[in-house]
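# Coordinate inspection notes
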There are 2 protein chains.
Amino acid sequence: MTGSALDWIALDWGTSNCRAWAMARNGSVLTEARSDKGMGQLTRDEFEPALLEMIGPWLDTAPVDVLACGMLGARQGWVEAPYRTVPCTPVGGDAALAKTIDPRLRVRVISGLKQVNPADVMRGEETQIAGWLAQNPSFDGVLCLPGTHAKWVQISASEVVSFRTFLTGELFAAIKNHTVLRHSMGSGWDEAAFEDALTDAMSRPEAIAQRLFSIRAEGLIAGLSPDAATARLSGLLIGAELAAARPYWLGQNVALIGTGGLGAHYARALSLQGVTATSADAEAMTRAGLIAARDGLSEETT
Amino acid sequence: MTGSALDWIALDWGTSNCRAWAMARNGSVLTEARSDKGMGQLTRDEFEPALLEMIGPWLDTAPVDVLACGMLGARQGWVEAPYRTVPCTPVGGDAALAKTIDPRLRVRVISGLKQVNPADVMRGEETQIAGWLAQNPSFDGVLCLPGTHAKWVQISASEVVSFRTFLTGELFAAIKNHTVLRHSMGSGWDEAAFEDALTDAMSRPEAIAQRLFSIRAEGLIAGLSPDAATARLSGLLIGAELAAARPYWLGQNVALIGTGGLGAHYARALSLQGVTATSADAEAMTRAGLIAARDGLSEETT
């Protein structure tokens, strides 16, 4: 890697997978690697071998900095990176140093954020937020980060003021795979069914447990298609989330940090409420956030 | 079994287990048997061997009537017993005859009920309802049947007028076992946490997806105990159900057909809303319903 030599390694280690980027001094990505060895399946001693499996080919004899975000900083992860308390900037302060055996590795882990009341936590999203703010430094408004644990985040003066987490993505998966509705689900999508369910859930969010069983009943006796059933489940859950998150988006400047289909469903759901959200790619924001966090650390240590 | 000889066999075959009772002519139970070979794990050909495993010791050479209720009457069950449409009596009409090889068995299956709009279905609960009405023939009001798929049933003039199903029990299990909340759950109970969550969910049922994640967050940063976490999850889900089922219980004459702890939680939840519900045991109601259904069939065939 001469000319554009490896300067440091950016790492996003979540519960179910891990992504690493070899970074040049100018901030460009030289190459990348992925692994499905998520934090959820690793004991503390298994992180270093799993990392070396991914990035070993990038190393020679010189030590290299690795800056990481995500669930590897949880208590059950590689090293606990204590939560910082909002209101605060999304990243900052010291990063936790992970124990390593290989002398070439210097692995530091970015802290997650916590909110005392109402109690809430994030790990990984703070880095995406930092990436967004690095690219949109004057942004004032609300960030929506769909996913397993969807987050709504209020931003003002470059700080995270408050946030709320919704179990929406994980509920979708648990219901789709582990209830009687698994017999009704399809692999496709029915946009009209999604939008109807969304509207329905927003007007009567309390009825969700009965609406869920209706998906099964209509499949049995009224010919509801599997694709419509899947889209309706998604619409009900996202609709209930939007109903509860109303203070976060109503009359606000909203940006969506999402990926693929799910991001598009949230964008459509918001637009049906009259909210036009700017969109950004989640992975790109993670990388931008890691770069911004490294710049912050460098400033402190020089 | 002379003296109190076997007259017929009552059978409750659900998704996850099966119970059989050897019945004397006078309606008393001679003996019983249980199996965990639920309908969910059996193909059509496997029902008869599974039944013989349970009741084989009760048979001699004479043919015997078996009257059954539950999911064995579903399309994927032993024989499809077509739904009857409400409003109607809980049981009645022909029972579906299952194919058998052993000449001693004459197995008939009670139909479930369906509601066209809003679409809804039940299989098994109709028999418990029939049992309740056999013992309380002049009952006019609402039956609540907690469980995997909780039902609220409006009864008038001995007929099921309408009903709604809530996925509450299955949601509880799916969230407890298949989301991040599994790390926070205990095996005990905290009544105060249950009641707080119930009140919370009834006043803001739309906030449930955020309240769910709070259970995890408070476990991480505010010391919420595992028992309180479990009770809070239950309170949130039952509270959301009660909020949506309000037209069914508000100012109504309510009876609960439940078992054990879950029945007690529903009774407590209703009493906090000022509703004093009569309670009956679910298994006893199933047996009473099968007896009532058999009496109905006998009348038609004589």
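Along each chain, numbering runs from 1 in the same order as the chain's sequence is written. In the order they appear in the text, chains get letters beginning with A and ligands get numbers beginning with 1. Totals for whole chains, interfaces and linings use every residue, but because this is a predicted model, local features are given only for residues with pLDDT of at least 70 and side-chain atom pairs only at 80 or more, for both listing and counting. Only hydrogens and water are removed before side-chain values are computed, so all heavy atoms of the structure are retained for them.

Numbering of helices and strands runs from the N terminus, with a helix taken as a DSSP run of H or I at least four residues long and a strand as a DSSP run of E at least two residues long. A tally of helices and strands in chain A yields 9 helices and 14 strands. Counting the 302 residues in chain A, one finds 57% classified as buried. When contacts within chain A are restricted to residue pairs at least 6 apart in sequence, long-range pairs at least 24 apart make up 66% of them. Exposure was quantified through the Shrake-Rupley algorithm and a 1.4 Å probe, taking into account, for residues, occlusion by the shown protein chains and nothing else. For chain A, the exposed area adds up to about 12300 Å²; of that, 49% sits on carbon and sulfur atoms. Asp and Glu are treated as the negative residues and Lys and Arg as the positive ones, with His and the ends of the chain left uncounted. Here the site of a charge means NZ on Lys, CZ on Arg, CG on Asp, or CD on Glu. Charged side chains in chain A number 25 positive and 33 negative. The centres of these two groups are separated by 4 Å. Throughout, exposure labels follow a simple rule: accessible area from a 1.4 Å probe, protein chains only, divided by the maximum for the residue type, with under 20% read as buried, over 50% as exposed, and the rest as partly exposed. Contact definition: two residues touch when any of their heavy atoms are within 4.5 Å.

With that settled, the discussion passes to the sheet that holds strand E7 (residues 105-109) of chain A. Residues and elements named next belong to chain A. We treat two strands as partners when DSSP finds at least two bridges between them. Strand order in the open sheet formed by 6 strands is E3-E2-E1-E4-E7-E6, with mixed pairing between adjacent strands. Of all the strands in the sheet, just strand E3 (29-35) and strand E6 (96-97) have a single pairing partner and so form its edges. Two strands pair when backbone bridges link them, and strand E2 (residues 18-24) and E3 are joined in this way by 6 bridges, in the antiparallel orientation. Bridge pairing in E3 links Ala20 to Ala33.

Turning to the nonpolar core, a few remarks are in order. Side-chain atoms within 4.5 Å are what join buried Ala, Val, Leu, Ile, Met, Phe, Trp, Tyr and Cys residues into a set we call a nonpolar core. A:Trp152, A:Leu242, A:Trp249, A:Leu270, B:Trp152 and B:Trp249 are the most contacted members of the largest nonpolar core, which has 94 residues in total. Not counting residues up to four positions away in its chain, the partners in contact with A:Trp249 are A:Trp152, A:Met202, A:Leu242, A:Val254, A:Leu270, A:Gln273 and A:Val275.

Before going further, it helps to spend a moment on the environment of A:Asp36. All names here are of chain A. By secondary structure assignment, the location of Asp36 is in the loop between E3 and helix H1 (47-55). When the C-alpha positions of Asp36 and Pro90 are compared, they lie 27 Å apart, and in sequence the two are 54 residues distant. Asp36 has contacts with Ser16, Asn17 and Gln41, leaving out every residue within four places of it along the chain.

With an RMSD of 0.0 Å, the operation that places chain A on chain B is a rotation of 180° combined with a shift of 0.0 Å along the axis. Seen this way, the second copy is the image of the first under a two-fold rotation axis. Taken as a fraction of all interface residues of chain A, those also at the interface in chain B reach 100%, which identifies the copy contact as same-surface. In superposing the copies, a least-squares fit is computed on C-alpha atoms, taking residues whose pLDDT is at least 70 in both.

Turning our eyes to something else, we now look at the sheet that holds strand E13 (residues 254-258) of chain B. Residue and element names in this part refer to chain B. With mixed pairing, 5 strands are arranged side by side in an open sheet as E12-E11-E10-E13-E14. Whereas interior strands pair on both sides, the edge strands pair on one side only; in this sheet they are strand E12 (159-166) and strand E14 (278-281). For this sheet, the mean angle separating the axes of adjacent strands, direction not counted, is 20°. In the sheet, strand E11 (residues 150-156) pairs with E12 via 7 bridges, with the strands oriented antiparallel. All axes here are fitted lines through C-alpha atoms, helices being fitted over the stretch that makes contact, and every angle between N-to-C directions spans 0 to 180 degrees.

A few words now on the domain arrangement of chain A. Residue ranges labeled as domains rest on an automatic or database domain assignment. For chain A, the assigned domains read domain 1 (6-123) and domain 2 (165-281). Computed over C-alpha atoms, the centres of domain 1 of chain A and domain 2 of chain A are 32 Å apart.

Turning next to the interface of chain A and chain B. By a frequent convention, interface size equals the accessible area lost on bringing the separate parts together. Every contact between the two is made by 38 residues of chain A and, on the other side, 39 residues of chain B. For any pair of parts, buried area is found by adding up, for both, the accessible area (1.4 Å probe) each one loses once the two are put together. Here chain A meets chain B over a buried area of about 3400 Å², counting both sides, of which 69% is carbon and sulfur. By definition, a salt bridge exists where a carboxyl oxygen of Asp or Glu is found within 4 Å of a side-chain nitrogen of Lys or Arg. Our count for the contact surface shared by chain A and chain B stands at 0 salt bridges. Only strand E8 (113-115), strand E9 (120-122), strand E12 (159-166), helix H3 (168-178), helix H5 (208-221) and helix H6 (226-244) of chain A provide two or more residues apiece to the side of chain A that touches chain B. Among the elements that line the side of chain A that touches chain B, the one with the most residues is H5(A), at 9 residues. Split by residue class, the side of chain A that touches chain B holds 21 nonpolar, 8 polar and 9 charged. Lys, Arg, Asp and Glu make up the charged group, whereas Ala, Val, Leu, Ile, Met, Phe, Trp, Tyr, Cys and Pro make up the nonpolar group; the residues left over, Gly among them, are polar.

The topology assignment puts A:Thr230 in helix H6. Here A:Thr230 is in contact with A:Phe172, A:Lys176, A:Met185, A:Gly186, A:Gly188 and A:Trp189, once residues within four sequence places are set aside.

Moving on, we come to the pattern of salt bridges. Residues and elements named next belong to chain A. All told, the structure shown has 37 salt bridges over all chains when counted by the stated rule. In this structure, Arg268 engages Glu191 in a salt bridge whose closest nitrogen and oxygen atoms are separated by 3.7 Å. Taken as a pair, Arg268 in helix H8 (residues 260-272) and Glu191 in helix H4 (residues 191-203) lie far apart in primary sequence, 77 residues in all. On the accessibility criterion, Arg268 (33% relative accessible area) is partly exposed.

Time to look at the confidence of the model for chain A. Mean pLDDT over chain A stands at 94; residues scoring 70 or higher make up 97%. In the predicted assembly, ipTM is 0.89 and pTM is 0.92. Summary of the metric used: pLDDT quantifies the predictor's per-residue confidence within the range 0 to 100.

A few words now on helix H5 (residues 208-221) of chain B. Residue pairs three or four apart in sequence face the same way in an α-helix, which turns once every 3.6 residues. All names here are of chain B. The length a helix should cover is 1.5 Å for every residue beyond the first. For H5, built from 14 residues, the straight-helix expectation of 20 Å at 1.5 Å per residue is met to within 8% by its first-to-last C-alpha distance of 20 Å. Extensive coverage of H5 is indicated by the burial of 10 of its 14 residues. Within the span of H5, buried status applies to Ile208, Ala209, Gln210, Arg211, Leu212, Phe213, Ser214, Ile215, Arg216 and Ala217. Just downstream of H5 lies Gly223, where phi reads positive at about 70°.

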